[in-house]
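# Structural characterization, general
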Amino acid sequence: MSDKMRQVAPYPYELGDLITGFKHRPNWTFTLEDLDRGQGSVGLTFVVHITEPDSYDHSKMRSVVHYFPVPPAAYDRRSWQRWLLDRCMEVSRHEDCEHFTIYGEKPYAPSHGPGNDPYMIREVGTDEDRRTSFRGELNE
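Residues numbered from 1 in each chain as written. Predicted model: local features only at pLDDT ≥ 70, side-chain atom pairs only at ≥ 80, totals over all residues. Heavy atoms only, no water.

The next thing to look at is the overall build of the protein. Helix and strand content of the protein: 3 helices and 3 strands. Along its sequence from the N terminus, the protein presents helices and strands in the succession α-β-β-β-α-α. In terms of principal-axis extent, the alpha carbons of the protein reach across some 55 × 50 × 25 Å. The buried share of the protein, taken over its 140 residues, is 27%. Expressed as a percentage of contacts within the protein between residues at least 6 apart in sequence, the contacts between residues at least 24 apart total 40%. About 10200 Å² of surface is accessible on the protein, with carbon and sulfur atoms providing 51% of the total. Mean positive and mean negative side-chain charge positions of the protein (17 and 23 charges, respectively) differ by 4 Å. (Helix = DSSP H or I, 4+ residues; strand = E, 2+ residues; numbered from the N terminus. Buried < 20%, exposed > 50% of the residue type's maximum accessible area, 1.4 Å probe, protein only. Contact = heavy atoms within 4.5 Å. Areas by Shrake-Rupley, 256 points an atom, 1.4 Å probe, with all protein chains shown as cover. Lys, Arg positive; Asp, Glu negative; His and termini not counted. Charge placed at Lys NZ, Arg CZ, Asp CG, Glu CD.)

Right, here's the structure in full:
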């Protein structure tokens with residue numbers, strides 16, 4: 001067995017055509033590229049490039065790129081269209097979590113590190129939260 005995953009599917013021409021005519025938010029652009037996404041992940045990728053105010057300093061603009069592996073699927077146009085919407089919603093949710101601030105704290109700041117899903121909403125908790133049982137007892 002190889003230490004590499006392999007998947008094969010027909011090229012998604014319908015997806016490529018949708019991306020060509022696709023618009024979503026101002027300062028968002030979209031491409032379909034065959035590229036190295038890092039961590040040994042290479043392949044066809046839906047790229048969302050956004051420019052918006054920095055979530056830590058709104059006086060500055062920042063550009064960010066979001067990479068989404070294209071699934072090896074033979075979807076029809078309607079399914080690819082929905083797939084595009086879902087990716088845009090993930091980018092929006094990720095950015096909303098970065099901007100969400102209460103008293104200077106960002107309780108939903110996305111996890112960007114290797115191995116983390118940056119589109120998963122995680123609440124940053126305390127060590128005490130982690131060690132408290134469902135009965136309210138503090139475990140060591």
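Helix 2 (residues 77-99) packs onto helix 1 (residues 13-20) with a crossing angle of 55° between their chain directions and a minimal axis gap of 9 Å. Taken together, the axes of helix 1 and helix 2 lie oblique to each other. Relative to helix 2, helix 1 is oriented so that their crossing is right-handed. Between helix 1 and helix 2, the residues in contact are E14, L15, D17, L18 and I19 and R77, W80, Q81, W83 and L84, respectively. Here the residues of the contact of helix 1 with helix 2 sort into 6 nonpolar, 1 polar and 3 charged. (Axes fitted to C-alpha atoms, helices over the stretch in contact; angles between N-to-C directions. Parallel < 35°, antiparallel > 145°, perpendicular 65-115°, else oblique. Left-handed = near helix turned anticlockwise from the far one by under 90°. Nonpolar A, V, L, I, M, F, W, Y, C, P; charged D, E, K, R; others polar.)

Applying the stated criterion across every chain, the model contains 10 aromatic pairs. Over the ring of Y56 we find K106; its NZ or CZ atom is 4.8 Å from the centre of that ring. (Phe/Tyr/Trp six-rings, centres within 6.5 Å; stacked < 30°, edge-to-face > 60°. Lys NZ or Arg CZ within 6 Å of the ring centre and 35° of its normal.)

Turning to the sheet that holds strand 2 (residues 41-53), a few remarks are in order. Taking strand neighbours across the sheet as the criterion, the 3 strands line up as 1-2-3 in an open arrangement whose pairing is antiparallel. The sheet is open, and its two edges are formed by strand 1 (28-38) and strand 3 (61-69), each paired on a single side. Each neighbouring strand pair of the sheet contributes to a mean axis angle of 35°, computed without reference to strand direction. Where strand 1 lies against strand 2, 10 bridges are found, and the strand directions are antiparallel. Its bridge partner being in strand 2, W28 is matched across the sheet by I50. Sheet strands touched by helix 1: strand 1 and strand 2. Its angle to strand 1, the strand with the most contacts, is close to 135°. Sheet strands in contact with helix 2 are strand 1, strand 2 and strand 3, and its direction is about 140° off that of strand 3. (Pairing = 2+ DSSP bridges.)

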